[in-house]
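Descriptive analysis of the structure
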Amino acid sequence: METIHLTGDTLNNFATEIRQTTGEDTSRCYQCGNCTAGCPYTEFFDYPVSQIMRMIQTGQREKALNSRAIWLCATCETCSTRCPCEIDVADVMDGLRNIAYREKRFTERDIRTFYEAFLTSLKHHGRIFELEIIARYNLKSGHLLTDADLGPKVMKQLHFLPKRIKGRDDVARIIKRFMEKK
Amino acid sequence: MIEKEYAYYAGCSLEGTASSYDRSIRVILKALGATLRETEDWSCCGSTPAHAMDHVLAGALAARNLAIVERMETATLTTPCPSCLSAFKKAHAKVTQDKAFSDEVNQLLDLPYKGGVKAKSTLQVIYEDVGPDAVTSKVTTVLPDLKAACYYGCILSRPPKLAAFDDPENPVSMDRLLAACGVDVRDFVFKTECCGAAFGVPKKEMVLRLTHKVLTMVQDCGANCVVVACPLCQQNLDLRQAQVNRAMGSSFSIPILYFSQVLGLAFGFQPEELGLDKHIVSADALIRSRRPKGAEDAAPPVKEKARKSTAQGTAGKPGDAPGAEGTASAAKEA
Amino acid sequence: MRVGVFICHCGNNIAGTVDVARAAEETAKLPHVVYSTHYMYTCSEPGQDEIKQAIKRENLDRVVVAACSPRMHELTFRRTVEKAGLNRYFFEMANIREHISWIGENKELNTNKAIEAVRMAVEKVIRDKPLHSTAFKINKRVLVIGAGVAGMQSALDCADGGLDVVLVEKSPAIGGMMARLDKTFPTIDCSICILGPKMVDVAQHEHISLHAYSEIEEIKGYVGNYQVKVRKKTPYVDWTKCTGCGECMEKCPTKNAYDRFNFGVAPTRAINIPFPQAIPKKATIDAQYCRQIQKGKCGVCAKVCRANAINFELPDQFVTEEVGAIIVASGYGLIDQELLPEYGGGRYPDVITGIQYERLLNASGPTSGHIQRPSDGTEPKSIVFVSCAGSRDKSIGIPYCSNFCCMYIAKQAILTKDHIPDSQSYVFYMDIRATGKGYDEFTRRAQEDYGAKYIRGRVSRIYPKGKKMIVQGADTLLGAKVEVEADLVVLATAATAAPGAAALAEKLHISYDTHGFYVESHPKLRPVETNTAGVYLAGAAQGPKDIPASVGQGSAAAAKVLALFSRDMLESDPAIARVNQNACVGCLKCVKTCPFQAIKEQELRGGEVVASVIETICAGCGVCTSTCPCGAIQLQHFTDNQLLAEVNSLCLS
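Small disclaimer: the values here were computed from a predicted structure and weren't measured. (Residues numbered from 1 in each chain as written. Chains lettered and ligands numbered in written order. Predicted model: local features only at pLDDT ≥ 70, side-chain atom pairs only at ≥ 80, totals over all residues. Heavy atoms only, no water.)

1. Observations concerning the side chain of Glu108(A)
By the element assignment, Glu108(A) lies in the loop between α8 (89-102) and α9 (109-125). Here the side chain of Glu108(A) touches Arg68(A) through a polar contact of 2.6 Å, side chain to side chain. (Helix = DSSP H or I, 4+ residues; strand = E, 2+ residues; numbered from the N terminus. Polar contact = N/O pair within 3.5 Å; in protein donor to acceptor, adjacent residues only side chain to side chain.)

Pasting the structure below:
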């Protein structure tokens, strides 16, 4: 196991960054583990939530941003609801995803592909077109048969043509302005 | 008191796989005397993917809709979808509390959002503005075979500060509304446990395991159906139930109903009017026994055709009942 | 007028950020100041000698010391100037430490500010009037509120010291929380076996008079002379006749009354004696559950009582006790499980609290000491203890540690193994706080000798599955989520202030913190005193504490009272309100606003009505002076003129 060198210079930078991104003060966390205990996704995570919080407290930026956990969190808010220190832990996880997104660290490729398919559909139509997302996802992820087993009754519920809304240009503009700003 | 008008935001799911939720919500709100005004030219709230990418982008995508509602001059926005609701509430909270965030969001928008919209889930509208008593007054039909587990999902009442609705650990609004319809509601302990949400496509194995846990607890509490208020929960539990059975070696056959469908049935509407025919796991066997309220317990269940005329003959269609608002307000005041 | 100014270095505390030499030089130029100097430690004996000598040498008639807060040393210097022949009120203190040197870093600005502080003090001191205190007699009886272990200790120590003690207890029997405990840590002594003799002593002591089932209605007066009105709540039983035979309890048909003594572990009867060793051993009717009182139908107890003691018409009674000092030992409360919805919020019968478990362990408890699941009476084999159930939880407004839970959980884990040898205990903890003598060793014994499995992590959720309770927790040392299938879950619910603590504090004129615990006069040096003279604190009313600490405080408070009563007379503080009856228009606003009822209306010979201050009651708070529309009522030593002169000097500078 590696020796982690805790140095004063960088020790608090990450926590400060998270505070700026989310407004949450991770120094309030006393590592009780409540978030890990309640998290329905702990069994799928590489690091439990409380350890992600610890990484922020000790400046382990690389490890936290490259973790799978931050992508596998589905924001169920159990951690935020039960945190005795009143930290919005789910928002911290979201903030970590935001930073990882900016830095193009996508440890969970499939989730990224799904998100991109979602946002592409959103950009094109202003609303989400479920069939298109699945099609795009299957193509991009290489998992060509995802949900093919759901059968015809499900497929019947999906629109085969996207709804066209007037505001789809508005939405495209929002995304364009956002991309230009970044 | 029920407001005459609500700005209504269906959300993308309700145009697709969850169209039966949309349909049943519209039917029962009409019956309860509320008018839904469409949020004109609404767009996607941004949902989980936008939030994962960037809070400002997510805020802007949600706020575009809030800005539209703001100009409709309708006090309250209601959406049946907890995920959309959460996106709106988060955007609203940040825009109204954080000036810098508000500026960044409005820079992305054509029409700025000033922070004047109050968003409520449609469940909240029915529970708080209408109330269980007024719901009871609309009931024409009993559903004797339904043993319901109310499944609220994770974000309808959480985190409590943001949701500001019901109890974060043991929500009761749906339980009480169903009880108001005379439905046997079971004590279900996984009311807010996560089903895996949007990860059905990219992380199916995760969703199947979480959903399996939920369905197991449903069976344990003696329920024969799950009643939900979230299109994602419905999707994961209903659409994927066969996948769960294949992956986990289980043999669940548990219908997953929207609470609005159960209320609709109790109000005397037909299953097709409420989109029940769209569901993968059929609820037919459970609702076949429904019969007019007040009929003898021993009386045989009404036949589909005959029932319609009986219902109209005795109580009339709920939507036609006069003074719906009066009843609701009286109930609330009482 | 000849004013002397003494500026203290306080080592480096003041001199570090204030140029004391320049301050002395500058303040020497102020009007009326004839002498100004600086000294390393003015409060030291040589420092005080310096003041005394300067008064003689320079013929000073007023003194200003610029040093720390007057709370620290005002009294010291008042005595110093008095010894040198001045009236002790011809002295002012400028606080240049807490207000200046400790909070500012810029030495020049600090020095300027210090000079201004001295200038204000000089303006005040030249306007000070000589004041003289009067002596009054002390009533050497003491009131102790609360007969838990802390209050009983205070009462016994005071009584053994020869004082008459009035002991008031809210519940029908004395003993408090300790009487409910099974064993005590870290010695595993039987709690009632060590408390019982003390309870008997209290009951039999010739100097202690006990009012059980009584509450404080009203307190008037001041240190040395309090009048306390006590409400003796009606037990609907004439206690002078009741023999404590228990026949009524056996025959009472209401079997579902809430058992306050046993914290609802099992129901009790509407008429009951709380526990076998109860003192006084008298029956009390819980009116809420009594059929006769609620519905007018029953009266079974009256029929079976051979002493003819039942009286459904018996009203509350009031007695007034005159005492000279008060010890508050009103104890603590516990949060309701409702605050913990993630643990079921009290909906699950097999999730109980630590104190309820204590009653299950106790031989005199509802299960005769057999550990049984409340749901089905079976013996649990897998028991989970959850520490910090509500403690250290900002989200429910309890950020503090409840102090004793870590230890009682270790004790309960040990006792569980003794009771059920094939059981397994699990303890979820965040930190093990075991700092007392022999405490840490005790928690080690629970793990090493009794096999309790300690898991470092908080429990997130508890829910039923079949007959088991699923405890969902984390083991942060493993970095994993863990689940335990428990038969019984024991929550170490957070300790809170006793119900009604705030209302009692207001009657006593003492302060309480945001959580309702009473505030001591100084957290280190005056731990059992309050800021109200003659009122002392003992036990968990001041903050959660265990038995040894409560007993220690009980004795400490008694020692304070014994010291106070070692004198026959007390001196009053002359810095009190005084009415200029020529200026008073008789509006009597001051009478209404005085929090101490120290102002009364007085009719002069001409028939005009004016306000008049009862000197012995006035606490010198000054509320009246700001209420008076015509400046007729003035607080001595803090008159409008004196205070305005200070403000003026600041504004003119």
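2. Some thoughts on the interface of chain A and chain C
Counting residues at the interface gives 19 residues for chain A and 19 residues for chain C. Roughly 1400 Å² of surface becomes buried between chain A and chain C when both sides are summed, with 49% attributable to carbon and sulfur atoms. Of all residues in chain A, the largest losses of buried area upon contact with chain C belong to Tyr30(A), Ala37(A) and Arg82(A), amounting jointly to 35% of the total for that side. At the junction of chain A and chain C, the tally comes to 10 residue pairs in polar contact (both at pLDDT 80 or more). Broken down by secondary-structure element, the contributors of at least two residues to the side of chain A that touches chain C are α3 (34-38) and α4 (49-57) of chain A. Per element, the largest residue contribution to the side of chain A that touches chain C is 4 residues, and it comes from α3(A). Residues that form the side of chain A that touches chain C fall into these classes: 8 nonpolar, 8 polar and 3 charged. (Contact = heavy atoms within 4.5 Å. Buried area = accessible area lost by both parts, 1.4 Å probe. Nonpolar A, V, L, I, M, F, W, Y, C, P; charged D, E, K, R; others polar.)

3. With respect to unusual backbone geometry
Across residues other than glycine, the phi torsion is negative in most instances, and most of the peptide bonds are trans. Of the consecutive residues Arg158(B) and Pro159(B), the connecting peptide bond is found in the cis state with omega at -10°. Note on placement: Pro159(B) falls in the loop between β6 (147-151) and α8 (160-163). With an omega of -5°, the peptide bond running from Ile279(C) to Pro280(C) counts as cis. The backbone phi angle of Glu73(B) is positive, close to 55°, even though this residue is not glycine. Here Glu73(B) is to be found in the loop between α3 (55-72) and β3 (76-79).

4. Digging into the sheet that holds strand β22 (residues 459-465) of chain C
Residue and element names in this part refer to chain C. As summarised here, the arrangement of the 3 strands in space is β22-β23-β24, forming an open sheet in which the pairing is antiparallel. Each end of this open sheet is capped by a strand with a single partner; those strands are β22 and β24 (480-486). Here the average twist between neighbouring strands, direction ignored, is 20°. Where strand β23 (residues 468-475) meets β24, 7 bridges bridge the pair, whose relative direction is antiparallel. Opposite Asp475, over in β24, you have Ala480 as the bridge partner. (Pairing = 2+ DSSP bridges. Axes fitted to C-alpha atoms, helices over the stretch in contact; angles between N-to-C directions.)

5. Points about the packing of aromatic side chains
This model, assessed by the stated rule, comprises 23 aromatic pairs over all chains. With centroids separated by 4.8 Å and ring planes inclined at 85°, the aromatic side chains of Tyr9(B) and Phe88(B) adopt a geometry described as edge-to-face. Of this pair, Tyr9(B) sits in the loop between β1 (5-8) and α1 (19-31) while Phe88(B) sits in helix α4 (residues 82-97), and the two are 79 residues apart along the sequence. Taken as a pair, Tyr9(B) and Phe88(B) share a single burial class, namely buried. Among the aromatic residues, ring-to-ring pairing joins Trp71(A), Tyr101(A) and Phe106(A) into one connected group. Across from the ring centre of Phe106(A), 4.0 Å away, lies the NZ or CZ of Arg112(A), which sits over that ring. For Arg392(C), the ring lying beneath its charged end belongs to Tyr30(A), and the centroid distance is 5.1 Å. (Phe/Tyr/Trp six-rings, centres within 6.5 Å; stacked < 30°, edge-to-face > 60°. Buried < 20%, exposed > 50% of the residue type's maximum accessible area, 1.4 Å probe, protein only. Lys NZ or Arg CZ within 6 Å of the ring centre and 35° of its normal.)

6. Side note on the state of the cysteines
Residues and elements named next belong to chain C. Evaluated as defined, the whole model comprises 1 disulfide over all chains. In this model Cys190 forms its disulfide with Cys193; the gap between the sulfur atoms is 2.3 Å. Its torsion about the S-S bond being 75°, the disulfide of Cys190 and Cys193 is classed as right-handed. On the basis of relative accessibility, which here comes to 23%, the residue Cys190 falls in the partly exposed class. (Disulfide = S-S within 2.5 Å.)

7. Let's talk about the confidence of the model for chain C
Overall, the predicted model of chain C reaches an average pLDDT of 96, with 100% of residues at or above 70. For this predicted complex, the interface score ipTM comes out at 0.92, alongside a pTM of 0.88. (pLDDT = per-residue confidence, 0-100.)

8. Considerations on the interface of chain B and chain A
Across the contact, 63 residues belong to chain B and 61 residues belong to chain A. Carbon and sulfur atoms supply 57% of the area that chain B and chain A bury against each other, a total of about 5600 Å² over both sides. Between Lys213(B) and Glu43(A) there is a salt bridge, with the nearest N and O atoms lying 3.1 Å from each other. Inspection of the region where chain B meets chain A yields 29 residue pairs in polar contact (both at pLDDT 80 or more). Put simply, the parts of the chain that give the side of chain B that touches chain A at least two residues each are α2 (47-53), α3, α4, α5 (99-108), α8, α10 (204-220), α11 (231-239) and α12 (241-248) of chain B. Partitioned by chemical class, the residues of the side of chain B that touches chain A number 28 nonpolar, 15 polar and 20 charged. (Salt bridge = Lys/Arg side-chain N within 4 Å of Asp/Glu carboxyl O.)

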